[in-house]
Amino acid sequence: CERMNILLDELRRSLTELDMGLKGALAMSTNMQGLADALFLDQVPEAWQSVSFLSMRPLAAWFQNLQDRNQQAAEWTVDLQTPRVVWLSGFFNPMAFLTAIMQTISLQNAYDLDNMVLTTEVLKKGPDQIEAPAREGSYVHGLFMEGARWDTNGGSVEESRMKELYPKLPVLLMKALPTAKVDLRDLFACPVYKTQERGPGYVFTSYLKTKQPARKWVIGGVAMLLDIAEV
């Protein structure tokens, strides 16, 4: 919420300043002109990017995404309880939420936090079909795959269909277990990134079931994304 407030404050400040400049109440500065140019070109201004979440969206889609993120944060702060399903993509720092899951499970089960790993169970349900919060861990949604798809019926990673660049995943149950208790056989270590840009936005590794050798997906550059510019 703090980072969201910083971003919203910057939007209000810079837009108010630009409005005054356009009305002649202030002299137009280089920053104000840069903001006006970015708005005209449907680009996120640099001043906003510096305090924003990582995104490759054009300005109009970015602003809609900002409103959705702010709505989730506002709803969460009403009763300060974890929602039935969490929109993982809506966090500035999703790994902080996932770390909180690990810490909670570690305390409940007396596990060594330093030797724990996140586990992923892909369900066959959408967000609207989840009726109650998970008893342990958290249900999350809002993830996409690139380079492959999730076969809901087969329960494994499969090759993409034609013209499906970023197939959406159903709800995931995120939990954590000690590393020694996790059987990595027939699992693909799928990296999860914030955007298509990948590298700078690495979040965590999700272990997904696969009927084919995991190296097939590694060679194919398969990954999961929290946000895509086309949405």
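Residues numbered from 1 in each chain as written. Predicted model: local features only at pLDDT ≥ 70, side-chain atom pairs only at ≥ 80, totals over all residues. Heavy atoms only, no water.

### Comments concerning the side chain of T120
Put simply, the test is: Per the convention used, a helix needs a DSSP run of H or I reaching at least four residues, while a strand needs a run of E reaching at least two, with both numbered from the N terminus. N or O atoms within 3.5 Å of each other form a polar contact, as long as, within protein, one can give a hydrogen and the other can take it, and as long as residues adjacent in sequence are counted only when both atoms are side-chain atoms. Whether two residues are in contact is decided by their heavy atoms, any of which lying within 4.5 Å being enough.
Mapped onto the elements of the fold, T120 is located in strand β2 (residues 116-122). There is a polar contact of 2.8 Å between the side chain of T120 and the side chain of S206. T120 has contacts with L172, L173, M174, F204, S206, Y207 and L208, leaving out every residue within four places of it along the chain.

### Digging into the pattern of salt bridges
This is how it is decided: Counted as salt bridges are all cases of a side-chain nitrogen of Lys or Arg within 4 Å of a carboxyl oxygen of Asp or Glu. Throughout this description, buried means an accessible area under 20% of the type-specific maximum (1.4 Å probe, protein chains only), exposed means over 50%, and partly exposed covers the range between.
Tallied over the entire structure, the rule returns ten salt bridges. For the salt bridge of D9 with R12, the shortest nitrogen-to-oxygen distance reads 3.0 Å. Highlighted residues: D9 and R12, both in helix α1 (residues 2-23), separated by three residues, approximately one helical turn. Look at D9 and you get partly exposed, because its relative accessible area is 46%. Across the pair R13 and E10 runs a salt bridge, and its minimum N-O distance is 2.8 Å. Here R13 pairs with E10, and both are found in helix α1, just three residues apart, close to one helical turn. Connected through salt bridges with shared partners, the residues E10, R13 and E17 form a single ionic network.

### Structural notes on the environment of L123
Assignment of secondary structure puts L123 in the loop between β2 and β3 (138-141). Aside from chain neighbours lying at most four places away, what touches L123 is I130, Y139, P170 and V171.

### Considerations on the sheet that holds strand β7 (residues 172-178)
To be explicit about the condition: By this definition, two strands are paired if DSSP reports at least two bridges between them. To get an axis, fit a line to the C-alpha atoms, keeping to the stretch in contact for a helix; angles then go from 0 to 180 degrees between the N-to-C directions.
Strand order in the open sheet formed by four strands is β1-β3-β7-β2, and the pairing between neighbours is mixed. Two strands close off the open sheet at either side, each with one partner strand: β1 (85-87) and β2. Across this sheet, the average inter-strand angle for adjacent strands is 40 degrees, counted without regard to direction. Note: β2 against β7, seven bridges, orientation antiparallel.

### Looking at the packing of α1 against helix α4 (residues 59-79)
Which entries qualify depends on this criterion: An angle below 35 degrees is treated as roughly parallel, one above 145 as roughly antiparallel, one from 65 to 115 as roughly perpendicular, and anything else as oblique. Two helices that cross are described as forming a left-handed crossing if the nearer one is turned anticlockwise from the farther one by less than a right angle, and a right-handed crossing if clockwise.
Where α1 contacts α4, the axes come no closer than 11 Å and their chain directions differ by 135 degrees. Compared by their axis directions, α1 and α4 come out oblique. Crossing handedness for the pair α1 and α4: left-handed. Between α1 and α4, the contacting residues are M4, L7, L8 and L11 on the first element and W62, F63, L66, R69 and N70 on the second.

### What about the packing of aromatic side chains?
Spelled out, the test is: Put simply, two rings from Phe, Tyr or Trp (the six-membered ring, in Trp's case) pair if the centres are within 6.5 Å, and we call them stacked under 30 degrees between planes, edge-to-face over 60, tilted for the rest. Think of it as a cone above the ring: NZ of Lys or CZ of Arg counts as a charge over the ring if it is within 6 Å of the ring centre and within 35 degrees of the ring normal.
With the rule as written, the count across this model stands at seven aromatic pairs. Taken together, the ring pairs in this structure connect W48, F53, W62 and F92 into an aromatic cluster. When the ring centre of F53 is taken as reference, the NZ or CZ atom of R69 above it lies at 3.8 Å. Lying over the aromatic face of W217, K216 brings its terminal NZ or CZ to 5.4 Å of the ring centre.

### Digging into the packing of α1 against helix α2 (residues 30-40)
Packing of α1 against α2 leaves a shortest axis separation of 10 Å and a crossing angle of 100 degrees. With respect to each other, α1 and α2 are oriented roughly perpendicular. Only M32, L35, A36 and L39 of α2 make contact with α1, whose side of the interface consists of S14, L15, E17, L18 and G21.

### Regarding α1
We apply this condition: Multiplying one less than the number of residues by 1.5 Å gives the expected span of a helix. In this context, the arc is that of the directions from the helix axis out to the C-beta atoms.
Over its 22 residues, α1 runs 32 Å from end to end, which matches the ideal 32 Å to within 8%, given 1.5 Å per residue. Listing the buried residues of α1 in full gives M4, L7, L8, E10, L11, S14, L18 and G21. The buried residues of α1 occupy one face: seen down the axis, they fall within an arc of 160 degrees. Opposite the packed face of α1, turned more than 90 degrees from it, sit the exposed residues E2, R12 and K23. On its buried face, α1 is in contact with α2, α3 (46-49) and α4. A positive phi of about 90 degrees marks G24, the residue just after α1.

### Overview of the confidence of the model for the chain
Interpretation of the predicted coordinates at a detailed level should be avoided for regions scoring low in pLDDT. Quick reminder of the rule: Think of pLDDT as the predictor's per-residue confidence, scored from 0 to 100.
With 100% of its residues at a pLDDT of 70 or more, the chain shows a mean pLDDT of 93. Across the chain, the element-wise mean pLDDT spans from 90 in α4 up to 97 in strand β10 (residues 223-225).

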